[in-house]
Amino acid sequence: MQAMRNKIFFLLVILCFSQAAFATELADTLLIAQPIDTIQFQTELELEEERLWCGLHPADSLYFGCWDTEWVNPYKIKIDSLPDSIFFLCRNYVHPIESKRITSNFGLRRYRFHYGIDIGLNVGDTVRSAFDGQVRIIDYEKRGYGRYIVVRHSNGLETVYAHLAKVFMHVNDTVKAGQPIALGGNTGRSTGPHLHFEVRFLGNAINPTKLIDFESQQVLQENYLMVKKETYDHKKILDELAKAQYCVVRSGDTLSGLARRYGTSVSALCKLNKISSKSIIRIGQRLRYR
Ligand SMILES: [Zn+2]
């Protein structure tokens, strides 16, 4: 009888071991089958509901609990440190403005990078929140954004709406997708009434056209898979720009003199500044030499 009991116990132990080994193998397979760093959005959504219910800010865990009401990018997370890929639930998107008139695209602008897309409008046109979320910043920047608003969304993205005439919201207000949040205007560094619209993730701007079709005013995919290498393919330009150095032309300066002073050539100076070697440079002009 004792021998029989021992045999059954031994068999049970073997069974448990093989089950455990199978479970580990299965877990490994699952891990390999999924893209590394991809956050399962369904789980995230459930957590999100729970967070909001607890009175926390949208996408709090993605943003390490950081909720700053002053800086557009307080996170200082480099593009290299972003997840390799992540899903954003964009199902309930509402286009922020009726106008379809794009006046300037995302990308390099002579000496600086334009982190958003500009849409021409009439002063007083309604500006709406693109997704559900919570207002993080309302501020006025005389030489930049003008009157602007930043919203953190439940899906983990943040949007910026700038050069506004009037803002209807308060900091920390919760908003619904499509809710009017402001009136379009021409405030700050702006040469005509337009909405400067940015989409950011962990502080790093994304080309809005990668997410949104500005003609049909719809999102391109309801579950947008951000693949870092593709979504942030402008990183090379940003890296180049970070290395850029400038000088200001003084009385008596010539292109060849400046090239000598900064250890470069006239042709390199011309290429960087998109000028010809015969161009006349004027005092006070800003030239890039690296
Ligand atoms: Zn702009």
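Please refer to the structure placed before this passage.
The sections below set out a description of the structure shown in this document. These numbers were taken from a predicted model, which means no experiment stands behind them.

1. Observations regarding the overall build of the chain
(1) Moving on: A tally of helices and strands in the chain yields six helices and 18 strands.
(2) Moving on: Burial analysis of the chain (290 residues in total) assigns 41% to the buried set.
(3) Moving on: Taking as baseline every contact in the chain between residues at least 6 positions apart, the subset at least 24 positions apart corresponds to 66%.
(4) Moving on: When the accessible area of the chain is evaluated, it comes to approximately 16,800 Å², of which 56% is carbon and sulfur surface.

2. Here we look at the coordination of the zinc ion
The textbook angles at a metal center are 109.5 degrees for a tetrahedron of four donors and 90 or 180 degrees for an octahedron of six.
(1) Moving on: The zinc ion binds to the protein through His114 (NE2), Asp118 (OD) and His196 (ND1), with metal-donor distances spanning 2.0 to 2.1 Å.
(2) Moving on: We note that the donor set of the zinc ion lies within a single chain, spaced as H-x3-D-x77-H. Separated by 82 residues along the polypeptide, His114 in strand S4 (residues 112-114) and His196 in strand S12 (residues 194-201) bring together distant segments of the chain.
(3) Moving on: When its relative accessible area of 4% is taken as the criterion, His114 is described as buried.
(4) Moving on: Here His196 falls in the buried class, since its relative accessible area comes to 6%.

3. Digging into the environment of Gly146
(1) Moving on: Along the chain, Gly146 turns up in strand S8 (residues 146-153).
(2) Moving on: Separated by 15 residues in sequence, Gly146 and Tyr161 have C-alpha atoms that sit 9.9 Å apart.
(3) Moving on: Residue contacts for Gly146: discarding those within four places in its chain leaves Asp139, Tyr140, Glu141, His163, Thr187 and Gly188.

4. Overview of helix H6 (residues 266-273)
(1) Moving on: The complete set of buried residues in H6 reads Leu269, Cys270 and Asn273. For H6, the buried positions fall inside an angular range of 100° around the axis, keeping them on one side. Every exposed residue of H6 that faces more than 90 degrees away from the buried side is listed here: Ser267 and Lys271.
(2) Moving on: Along its buried surface, H6 packs onto helix H5 (255-261) and strand S18 (286-288).
(3) Moving on: One or two residues past the end of H6 sits Lys274, with phi positive at roughly 50°.

Cut-offs used in this document
Residues numbered from 1 in each chain as written. Predicted model: local features only at pLDDT ≥ 70, side-chain atom pairs only at ≥ 80, totals over all residues. Heavy atoms only, no water. Helix = DSSP H or I, 4+ residues; strand = E, 2+ residues; numbered from the N terminus. Buried < 20%, exposed > 50% of the residue type's maximum accessible area, 1.4 Å probe, protein only. Contact = heavy atoms within 4.5 Å. Areas by Shrake-Rupley, 256 points an atom, 1.4 Å probe, with all protein chains shown as cover. Donors = N, O, S within 2.8 Å, 3.2 Å for Na, K, Ca; no water. Arc of directions from axis to C-beta.

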